[in-house]
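Given next are the chains, with one letter for each unit.
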Amino acid sequence: MPVSSFTLRSMLAEFIATFMSVFAGVGAVGAFAEIGTVNGPQILLIGLAHGLAIFAAVSIVGRISGGHINPAVTIAALIAGRIGLIRASLHIVAQLAGAVLAAIALDSSAFQADGIGVHEIAGNLSTANGFVIE
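Residues numbered from 1 in each chain as written. Predicted model: local features only at pLDDT ≥ 70, side-chain atom pairs only at ≥ 80, totals over all residues. Heavy atoms only, no water.

Engineer: Sorry if this is basic, but what is going on with the packing of helix α3 (residues 71-79) against helix α4 (residues 85-107) here?
Structural biologist: Pairs of packed helices are described in terms of their axes, by the angle between the two and the distance that separates them. Relative to each other, α3 and α4 sit at 175°, their axes nearing to 9 Å. The orientation of α3 with respect to α4, classified from their angle, is roughly antiparallel. Side by side, α3 and α4 meet where Pro-71, Thr-74, Ile-75 and Leu-78 of the first sit next to Leu-85, Ala-88, His-91, Ile-92, Gln-95 and Leu-96 of the second. Of the residues belonging to the contact of α3 with α4, the class tally is seven nonpolar, three polar and no charged. (Axes fitted to C-alpha atoms, helices over the stretch in contact; angles between N-to-C directions. Helix = DSSP H or I, 4+ residues; strand = E, 2+ residues; numbered from the N terminus. Parallel < 35°, antiparallel > 145°, perpendicular 65-115°, else oblique. Contact = heavy atoms within 4.5 Å. Nonpolar A, V, L, I, M, F, W, Y, C, P; charged D, E, K, R; others polar.)

Now the structure itself:
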């Protein structure tokens, strides 16, 4: 069964929105890592960069694809019956591709910091406690 032009447009929207979100969010971490330590006000600015990137991405593509930009949101929409299984699967593939391409773009950029944007559990928490908190 051929994929409709609406579904292709929706996949492209999810790809672009996820790319924007990851590139801006992780790029903000990389930018601050390049100029020094990441703490205090920088964390607020990194959070603001993530939030504004997500806001922009969802605002731009929301009317086209629903603006999920995250496989967890797409799965929730699938469970809620707002999106079909095939379209949800295609959205997830597009989202993962957008995130990977953004990471590759950042990795090949001027940033020299290792592990930029890598989330980790605070040193005083166990893995189990971090899982519960998350």
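Engineer: How do you make sense of helix α2 (residues 41-65) when you look at a structure like this?
Structural biologist: The periodicity of an α-helix, 3.6 residues per turn, causes residues three or four positions apart to be oriented the same way. End to end, α2 covers 34 Å across 25 residues, agreeing with the expected 36 Å (1.5 Å per residue, within 8%). The largest bend along α2 measures about 35° and falls at Ser-59. Taken residue by residue, α2 has Ile-46, Ala-53, Ala-57, Val-61 and Ser-65 as its buried positions. The inward-facing, buried residues of α2 abut α1 (5-35) and α4. The positive-phi residue at the C-terminal boundary of α2 is Gly-66, with phi of around 100°. (Expected span 1.5 Å × (residues − 1). Bend = angle between axes of the 7 residues up to and from the residue. Buried < 20%, exposed > 50% of the residue type's maximum accessible area, 1.4 Å probe, protein only.)

Engineer: Just checking my understanding: could you explain the packing of α1 against α4 for this structure?
Structural biologist: Axis separation between α1 and α4 bottoms out at 7 Å; the angle between their running directions is 35°. The element α1 and its partner α4 pack so that their crossing is right-handed. On α4, the residues touching Phe-6, Thr-7, Ser-10, Met-11, Glu-14, Phe-15, Thr-18, Phe-19, Val-22, Phe-23, Val-26 and Gly-27 of α1 are Arg-87, Leu-90, His-91, Ala-94, Gln-95, Ala-97, Gly-98, Ala-99, Leu-101, Ala-102, Ala-105 and Leu-106. Of the residues belonging to the contact of α1 with α4, the class tally is 15 nonpolar, seven polar and two charged. (Left-handed = near helix turned anticlockwise from the far one by under 90°.)

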